[in-house]
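Structural features, examined
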Amino acid sequence: MFRFRNFNILIACLLMGNVAEAASLGIGTHASPEVILGWDIDIRPDGLGLPDGEGSVSSGEPLYESKCAGCHGLFGEGEGRWPVLAGGENTLDTMRPEKTVGSYWPYASTLWDYIYRAMPYTAPQSLTHEEVYSIAAYVLYLNDIVGDDFISNKKTFSQIKMPNVANFYVDDRPDVENVRCMKDCANPAEFQIVTTINGLTPTSHFKKDSGVASSHSGSNVSVVQKSDAIKVALSPMANAGKPVYIKSCQTCHNTGIAGAPKLGDLVEWSSRLSQGIRILHKHAINGYQGGSGVMPARGGNMSLTDDEVINAVAYMVELSR
Ligand code: HEC
Ligand code: HEC
């Protein structure tokens, strides 16, 4: 969303470039202010770009019902598999997050913009400004964000605070952290991608002390045997967890006695992992009795610290997916 501003500047530059080009090459036409106006329909989070006009929840209701409800449901609940527009509060951090205008969207301006630009699905940009103000007000009403007496216009619309706005923030990390290598660089011809951590990130080409992804830099990676065929590079955490596992966990988890998920059993572990790694940590630290048996707290070795147990879990997980 924050990139839109730059995007506009980019468009402006391109358009200016075109003017010069058009003159020297004799192709294209000038983008007149009217033409630019036709494209310039975006609405900023602070409401900049909202047109004049006005609408209300009550005038939005019949419009919504005739133009939108067929797909999005009378109450925004979504017909069939069409998108849900309302509800879903407090579900974002659950196993089944329901992202709707009310539960997820950070700015009301997006709603105006989206409806005006893209809806109804079969006839985009067919709505007048007044209709969009009305329908958007009604969608906000369906989400309990405004009352039934809400009048929406440039001013009131830009003052709406969406419930989830605080969970969005500008990510100010630099795009890349790498420093360009100018001398004594690694020879790309010698890079070999042997394997990956967690099956995703190639690591073996990281140069020692390069500062790149230090937590899984190549120098810390050791290779162990997962099965006869597959080699796995372990993260430092998992490496630290290996002796813990051998001492306190393998009795049960190597063979799977007493219903313990067996080390390396991909199917078993992927379903357990779907609970999220934090739950696995919690269960390993505090003990857990699920459907298949009893996992004693800290594997029965109460002298283990939380970190040691967590490292052992990392070891088990990395060898099991
Ligand atoms: C023919 C079915 C249909 C109709 C009618 C329709 N929509 Fe949609 N709507 C969709 C589809 C499909 C998407 C998802 C589009 C995509 O993701 O590219 C969508 C997406 C949306 C979204 C974004 C949902 C999200 O969370 O990403 C909003 C808001 C929305 N529609 C509002 C409306 C409004 C308001 C109307 C009436 C003016 C309307 N729609 C009419 C099918 C429809
Ligand atoms: C006495 C046998 C035993 C020992 C020792 C043991 N476990 Fe377990 N563990 C189990 C059993 C049984 C389960 C399955 C419980 C269930 O799902 O009903 C389990 C499950 C787990 C799970 C998955 C929990 C989940 O939510 O699905 C993790 C993670 C785990 N153990 C980690 C460890 C770690 C780390 C150690 C060593 C510090 C350890 N276990 C030692 C028996 C053991």
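Refer to the structure above for everything that follows.
Quick look at the structure, then. A quick note: this is a predicted structure, and the numbers were derived from the prediction, not measured. (Residues numbered from 1 in each chain as written. Chains lettered and ligands numbered in written order. Predicted model: local features only at pLDDT ≥ 70, side-chain atom pairs only at ≥ 80, totals over all residues.)

Focus on the overall build of the protein chain
- A count of helices and strands for the protein chain gives twelve helices and eight strands.
- Within the protein chain, buried positions represent 26% of all 321 residues.
- In the protein chain, the proportion of contacts linking residues at least 24 apart, taken out of those at least 6 apart, comes to 55%. (Helix = DSSP H or I, 4+ residues; strand = E, 2+ residues; numbered from the N terminus. Buried ≥ 20, exposed ≤ 12 C-beta atoms within 10 Å, placed from the backbone. Contact = placed C-beta atoms within 7 Å.)

Quick look at helix α8 (residues 236–248)
- With 13 residues, α8 extends 19 Å from end C-alpha to end C-alpha; this agrees with the ideal 18 Å at 1.5 Å per step.
- At K242, α8 is deflected by roughly 30 degrees, the largest bend along its length, and proline P243 occurs up to four residues later in sequence. (Expected span 1.5 Å × (residues − 1). Bend = angle between axes of the 7 residues up to and from the residue.)

Observations regarding the site of ligand 1
- What surrounds ligand 1 is a group of 18 residues, the closest being C68, C71, M119, P120 and Y121.
- Of all the secondary structure elements, the ones that give two or more residues to the shell around ligand 1 are α4 (69–72), α5 (108–118) and α6 (129–142). (Near = placed C-beta within 6 Å.)

What about unusual backbone geometry?
- At the junction of M119 and P120, the peptide bond is cis and its omega measures out at -5 degrees in the coordinates.
- Locating P120 in the fold gives a position in the loop between α5 and α6.
- Here the phi dihedral of D184 falls at roughly 50 degrees; this positive angle occurs in a residue that is not glycine.
- A tally of 6 C-beta atoms within 10 Å means that D184 is categorised as exposed.
- At R298, a position not held by glycine, the phi torsion is positive, near 50 degrees.

Description of the nonpolar core
- Judged by nonpolar contacts, the single largest core of 31 residues is most densely connected at W112, A136 and V139.
- Listing elements by their share of this core, those giving two or more residues are α3 (57–67), α5 and α6.
- In terms of residue count, the dominant contributor to this core is α6 (ten residues).
- If sequence neighbours within four positions are ignored, V139 has contacts with G76, L85, V101 and L111.
- Among the nonpolar cores identified, the runner-up in size contains 23 residues, and W269, V309, A312 and L319 belong to it. (Core = buried A, V, L, I, M, F, W, Y, C linked by C-beta atoms within 7 Å.)

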